[in-house]
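Listed here are the chains, written in short residue letters.
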Amino acid sequence: MTTLNIAAAGTFPLGDRTVKRLGYGAMQLAGKGVFGPPKDPEAALAVLRAAVDAGVDHIDTSDFYGPHITNQLIRQALHPYGQDLTLVTKIGAVRGADASWNPAFSAEELTRAVHDNLRNLGLDVLDVVNLRIMFDVHGPAEGSIEAPLAALAELQHRGLVRHVGLSNVTRTQVAEGRAITPIVCVQNQYNLVHRGDDALIDELAAEGIAYVPFFPLGGFTPLQSTALSEVAGQLAATPMQVALAWLLQRSPNILLIPGTSSVAHLHENLAAATLSLPPAALAALERIKTEG
Ligand SMILES: NC(=O)c1ccc[n+]([C@@H]2O[C@H](COP(=O)([O-])OP(=O)(O)OC[C@H]3O[C@@H](n4cnc5c(N)ncnc54)[C@H](OP(=O)(O)O)[C@@H]3O)[C@@H](O)[C@H]2O)c1
């Protein structure tokens, strides 16, 4: 393996921490459909340890991955945690026995979710908790987030949560949220093809708020595009590395949490930290947006 230099991608503040812009998303570590245990738990633990060994200091998770399983793997692999590791979790959903994703927004449910995360991660305080809005599970949908966010802010006041973020939200909801409590990050779907948040990213950058795209590689169906493959070929990189390098160059407030269950893919993805995309490559990639 070539030596990784993930610090080359720079850092950005996340609450009162500063994290490297290349992090890791742990969702892929649970079983198929993000439900139940992984086929090979040792391999999952190895991915987590390899991430931290490579310098990753920002891991994204949730207690509804598995459920509980992903957090338990993180605890088993990495506890006691290094001082510089920031664990970001999310609440607002529970899993049905059929693996469904269901809203869980009452104050009671949110309190239970915070305690589930604390217990399964082995923490006294959660660094950052994203409120995952579930008006539409597949994408942002308008509606007031005041009641659940006020409940989360109360848990923050009680000292169980250090910082609050929002996930799967509209610009209106970000503004509503910021009037209730400081918002340190927004986690929405965004990648080379899925560009709906272009304006929001720029607004958050101007405010010093992190934007953390989920599905940075396309999610369960990784990105495929002729233009992406051509650019990758020209730069002697892989399409996934180009997709991540493009996000790093898109805006300085973007923090990456690509997900993988494989150490080889993890190393490949982290190597994007040192990949620089020249103007011609950026122009070719820009055309993917219009081609859809
Ligand atoms: N807030 C939300 O609602 C929300 C929703 C979804 C996800 N998330 C968070 O965002 C993180 C990232 O999203 P994600 O993991 O779903 O999607 P992703 O990072 O876009 O892509 C993950 C998929 O790409 C594959 N992959 C990863 N690296 C690869 C490589 N180098 N070459 C080929 N294939 C590769 C993975 O398979 P392998 O395992 O085989 O590598 C997996 O199928 C999650 O881990 C989770 O923490 C948040």
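Residues numbered from 1 in each chain as written. Predicted model: local features only at pLDDT ≥ 70, side-chain atom pairs only at ≥ 80, totals over all residues.

A.B. asks: Explanation requested: the overall build of the protein chain in the structure shown.
C.D. replies: When helices and strands are tallied, the protein chain shows 10 helices and 11 strands. Overall size of the protein chain, expressed as C-alpha extent along the three principal axes, is 55 × 40 × 35 Å. The burial tally for the protein chain puts 48% of its 292 residues in the buried class. Within the protein chain, counting contacts between residues at least 6 apart in sequence, those at least 24 apart form 74% of the total. (Helix = DSSP H or I, 4+ residues; strand = E, 2+ residues; numbered from the N terminus. Buried ≥ 20, exposed ≤ 12 C-beta atoms within 10 Å, placed from the backbone. Contact = placed C-beta atoms within 7 Å.)

A.B. asks: Could you clarify how one ought to interpret the pairing of strand S2 (residues 17-20) in this entry?
C.D. replies: Remark: a regular strand shows side chains that alternate across the two faces of the sheet. Bridging between strand S1 (residues 11-14) and S2 involves 4 bridges; their strand directions are antiparallel. Paired with Phe12 across the two strands is Val19, which belongs to S2. Where S1 folds back onto S2 in an antiparallel hairpin, the turn is made up of 2 residues, including Gly15, whose phi is positive at roughly 65°. (Pairing = 2+ DSSP bridges.)

A.B. asks: Explain the site of the ligand to me, please; I cannot follow it from the model alone.
C.D. replies: Neighbouring the ligand are 28 residues, the closest being Gly25, Met27, Leu217, Gly259 and Thr260. Here the element with the most residues in the shell around the ligand is helix H9 (residues 263-270); it accounts for 3 residues. Partitioning the shell around the ligand into residue classes produces 11 nonpolar, 13 polar and 4 charged. (Near = placed C-beta within 6 Å. Nonpolar A, V, L, I, M, F, W, Y, C, P; charged D, E, K, R; others polar.)

A.B. asks: Whenever I open this one, the environment of Ala271 confuses me. Can you help?
C.D. replies: Along the polypeptide, Ala271 turns up in the loop between H9 and helix H10 (279-291). Measuring from C-alpha to C-alpha, the distance between Ala271 and Ala237 comes to 9.4 Å, with 34 residues separating the pair along the chain. In this view, Ala271 contacts Leu4 and Gln241; residues no more than four positions away in its chain are not counted.

A.B. asks: What is the right way to read unusual backbone geometry from this model?
C.D. replies: Keep in mind that most residues, glycine aside, have a negative phi and that most peptide bonds are trans. Look at the link from Gly66 to Pro67: it is a cis peptide, with omega at -15°. Here Pro67 shows up in the loop between strand S4 (58-60) and helix H2 (69-78). Residues His79 and Pro80 are joined by a peptide bond in cis, for which omega reads 0°. Within the secondary structure layout, Pro80 lies in the loop between H2 and strand S5 (86-91). A positive phi angle, close to 55°, is found at Phe215, a residue other than glycine. Mapped onto the secondary structure, Phe215 falls in the loop between strand S11 (210-211) and helix H7 (226-234). The backbone of Ala236 sits at a positive phi, close to 55°, despite the residue not being glycine.

A.B. asks: Looking at this structure, how should I read the environment of Gly25?
C.D. replies: Structurally, the position occupied by Gly25 is in strand S3 (residues 24-25). Taking the C-alpha atoms as reference points, Gly25 and Ala44, separated by 19 residues in sequence, lie 12 Å from one another. The contacts of Gly25, once residues within four sequence positions are left out, are Asp60, Ile257, Pro258 and Gly259.

A.B. asks: Quick question: what am I supposed to make of the pairing of strand S8 (residues 126-132) here?
C.D. replies: Burial of S8 is extensive: 7 of the 7 residues sit out of reach of the surface. Where S5 meets S8, 4 bridges bridge the pair, whose relative direction is parallel. Residue Thr89 lies in a different strand from S8, and its bridge partner there is Val129. Bridge count for S8 against strand S9 (residues 161-167) is 6 bridges, and the pairing is parallel. Among the inter-strand pairings, Val129 is bridged to a residue of S9, identified as Val164. Note on the crossover from S8 through helix H4 (residues 146-157) to S9: the handedness is right-handed. (Right-handed = clockwise from strand over helix to strand, strands pointing away.)

A.B. asks: Would you mind going over helix H8 (residues 239-250) with me for this structure?
C.D. replies: What sets the pattern is the α-helix's 3.6 residues per turn: residues three or four places apart point alike. For H8, built from 12 residues, the straight-helix expectation of 16 Å at 1.5 Å per residue is met to within 8% by its first-to-last C-alpha distance of 16 Å. In terms of burial, H8 is a largely internal element, 11 of the 12 residues being buried. The complete set of buried residues in H8 reads Pro239, Met240, Gln241, Val242, Ala243, Leu244, Ala245, Trp246, Leu247, Leu248 and Arg250. (Expected span 1.5 Å × (residues − 1).)

A.B. asks: I would appreciate a short explanation of the sheet that holds S5 in the present structure.
C.D. replies: Whenever strands of a sheet pair, they do so through backbone hydrogen bonds, lying parallel or antiparallel. Taken together, 7 strands build an open sheet; the order of strands is S3-S4-S5-S8-S9-S10-S11 and the sheet is parallel. Unpaired on one side and paired on the other, S3 and S11 mark the two borders of the sheet. Pairing analysis gives 2 bridges linking S3 to S4, with the strands arranged parallel. Bridge pairing in S4 places Tyr24 opposite Ile59. Across the face of the sheet, helix H3 (residues 107-121) comes into contact with S5, S8 and S9 while running at roughly 145° to S5. (Axes fitted to C-alpha atoms, helices over the stretch in contact; angles between N-to-C directions.)

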